[in-house]
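Examination of the molecular architecture
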Amino acid sequence: MKRALGRRKSLWLRLRKILFCVLGLYIAIPFLIKLCPGIQAKLIFLNFVRVPYFIDLKKPQDQGLNHTYNYYLQPEEDVTIGVWHTVPAVWWKNAQGKDQMWYEDALASSHAIILYLHGNAGTRGGDHRVELYKVLSSLGYHVVTFDYRGWGDSVGTPSERGMTYDALHVFDWIKARSGDNPVYIWGHSLGTGVATNLVRRLCERETPPDALILESPFTNIREEAKSHPFSVIYRYFPGFDWFFLDPITSSGIKFANDENVKHISCPLLILHAEDDPVVPFQLGRKLYSIAAPARSFRDFKVQFVPFHSDLGYRHKYIYKSPELPRILREFLGKSEPEHQH
C-alpha cells in the first residue's frame, strides 16, 4: 500500500515538473521573440527549411522538367540567385540538349511568360511548385521561377527588400528578352507579398506587367501572422501584438498587400481555396474587397475565384483544379474591364 502511494506521489511530482517546464517554456517564448526579433523573421521566411532535401537544383530534369534550363543571375554584388526557365510543353522535343542562349532567345517567341514567385520554405524545386510549372507549361506558357536570396542555392541574406529586388531583377531580365510577349506575375502565399511589392514598383515606374495573379494571398503580414495555425496557442496571450507582431514590424517586414493594391494598375486575379489552413480564406476575400473598388483598378478587371472546401485544395493544391486552364484562358484572354466573383 505504502509502495503504491509512493509510486503515485513520484509520478505526480514528475508530471508536475513536466507541467512547470511546459508552462515556463510557454511563458519564455514570447519574451525570447521580443528580445530577438530575428527569430520572427526566420519563422516567416523559413528559408532554412529545404524540402525536398536531396534534390540537385542544377538539374531540373530530375524533377521531370526535361524542358527547363537552370541559370544563375546576380541582382547585386554578393547576391546570386538560381533561376529555372521552363519553355511551353509543345517545345519539349525541341528543347533537348539546348544551351542557355537558345532558352533566352525562346522568350521572344509568341508565347506569354509567367514569372512565378514562390512562398516561404522549400525551394523552386518544391513538389507542388513543380506540378504547377508543368500545368502552366502544358497551357503554352513560359514559366520563369527562382529562389530568393538565402533560399535553395541562392546566395545572400533574406529580407523583404532583398526578395523584392530579386524579383525586379528577374522581371527586367525577362523584359529585356521577351519582345512584345505578355509577361504575367504569379505570386503564391508569402510570394503574393513579393508580387504586390514588385507590381506596385513597376506601376510607379510605368512598366506594369500584363496581369497579376495572387494565389492564397493575405492582406498584410501582421494579419497573416495573427491568423496562422502556429499563433493559435498564443492568440489570447496578454500583449500578443506587442510580443509577436511588433517584432515583425521592427524587423522591417510588412508585405502590405492591402496597401499595395491601391497603387497597382493592371488586371488582377485572386485564387483562394476555402479550406486553406495556412492563409485563411477570409484574408483573400478581404484583399479582393479592398482591391475591387480601388481607383487604381478602375480601367482593369479584378476577379476573385474561390475553390470550394469539398475539393480539398487547401493551401497549395489549386494547380490540381481541372477548371484552372479555363479560368486562366478566360481571364488572360480578355482585356475589357469588369469586376466579378
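One structure accompanies this document, and this report is about it. No experiment lies behind these values; they were computed from the predicted model shown.

Nonpolar side chains collect at one region of the surface, where L11, W12, L15, I18 and V22 lie side by side and expose about 520 Å² of accessible area between them. Here L15 shows up in helix α1 (residues 2-35). Using a relative accessible area of 49% as the deciding quantity, one classes L15 as partly exposed.

Most of strand β4 (residues 142-146) is tucked away, with 5 of its 5 residues classed as buried. Direction of pairing for strand β3 (residues 113-117) relative to β4: parallel, over a ladder of 4 bridges. Residue pairing in the sheet places Y116 in a bridge with T145 of β4. Between the parallel pair β3 and β4, the chain is carried across by helix α4 (residues 127-138), and the sense of this crossover is right-handed.

Here the focus is the side chain of N197. Here N197 lies in helix α6 (residues 190-204). Residue classification places N197 among the buried residues on the basis of a relative accessible area of 14%. Beyond its immediate sequence surroundings of up to four residues, N197 is in contact with E160, T164, F255 and N260.

Attention now goes to the packing of aromatic side chains. A complete count under the given rule lists 15 aromatic pairs for this structure. Seen in terms of ring centroids, Y71 and W173 are 5.0 Å apart; in terms of plane orientation they differ by 70°. Their pairing is edge-to-face. One end of the pair, Y71, is in strand β1 (residues 68-76); the other, W173, is in helix α5 (residues 160-175), and 102 residues separate them in sequence. For Y71, a relative accessible area of 1% translates into the label buried. Of the residues examined, W173 reaches a relative accessible area of 9% and is grouped as buried. Joined through ring pairs, the aromatic side chains of Y69, Y71, W91, W102, Y103 and W173 make up one cluster. The residue whose ring lies beneath K98 is W102, and the NZ or CZ to ring-centre distance is 5.6 Å. Across from the ring centre of F331, 4.7 Å away, lies the NZ or CZ of K301, which sits over that ring.

The end-to-end C-alpha separation of α4 is 17 Å, in line with the 16 Å expected for 12 residues at 1.5 Å each. The secondary structure elements touched by the buried residues of α4 are β2 (79-86), β3, β4, β5 (183-188), β6 (211-215) and α11 (324-333). Immediately beyond the C-terminal end of α4, within one or two residues, lies G140, with a positive phi of roughly 95°.

Within the structure shown, the criterion is met by 13 salt bridges. Between E76 and R161 there is a salt bridge; the shortest N-O distance is 3.3 Å. Placement of the pair is E76 in strand β1 and R161 in helix α5, with a sequence separation of 85 residues. Taking the shortest distance from any N to any O, the salt bridge between E204 and R200 comes out at 3.1 Å. Note that E204 and R200 are positioned in helix α6 at a spacing of 4 residues, about one turn of the helix. What makes R200 partly exposed here is its relative accessible area of 22%. Overlapping salt bridges, with partners in common, bring together E76, R149, R161 and D166 in one network.

Attention shifts here to the environment of L283. Mapped onto the secondary structure, L283 falls in helix α10 (residues 281-291). For the pair L283 and H272, spaced 11 residues apart in sequence, the C-alpha to C-alpha distance is 9.4 Å. Residue contacts for L283: discarding those within four places in its chain leaves P217, F218, T219, E223, E224 and S227.

In this structure, N260 sits in helix α9 (residues 257-260). N260 gets classed as buried once you look at its relative accessible area, which sits at 5%. A polar contact is formed between the side chain of N260 and the side chain of T196, at a distance of 2.9 Å. Discounting chain neighbours no more than four positions away, the residues touching N260 are G193, T196, N197 and R200.

Criteria and thresholds
Residues numbered from 1 in each chain as written. Predicted model: local features only at pLDDT ≥ 70, side-chain atom pairs only at ≥ 80, totals over all residues. Heavy atoms only, no water. Patch = residues over 30% accessible without salt bridge, like charges linked within 9 Å, V, L, I, M, F, W, Y side chains within 5 Å. Areas by Shrake-Rupley, 256 points an atom, 1.4 Å probe, with all protein chains shown as cover. Salt bridge = Lys/Arg side-chain N within 4 Å of Asp/Glu carboxyl O. Helix = DSSP H or I, 4+ residues; strand = E, 2+ residues; numbered from the N terminus. Buried < 20%, exposed > 50% of the residue type's maximum accessible area, 1.4 Å probe, protein only. Pairing = 2+ DSSP bridges. Right-handed = clockwise from strand over helix to strand, strands pointing away. Contact = heavy atoms within 4.5 Å. Phe/Tyr/Trp six-rings, centres within 6.5 Å; stacked < 30°, edge-to-face > 60°. Lys NZ or Arg CZ within 6 Å of the ring centre and 35° of its normal. Expected span 1.5 Å × (residues − 1). Polar contact = N/O pair within 3.5 Å; in protein donor to acceptor, adjacent residues only side chain to side chain.

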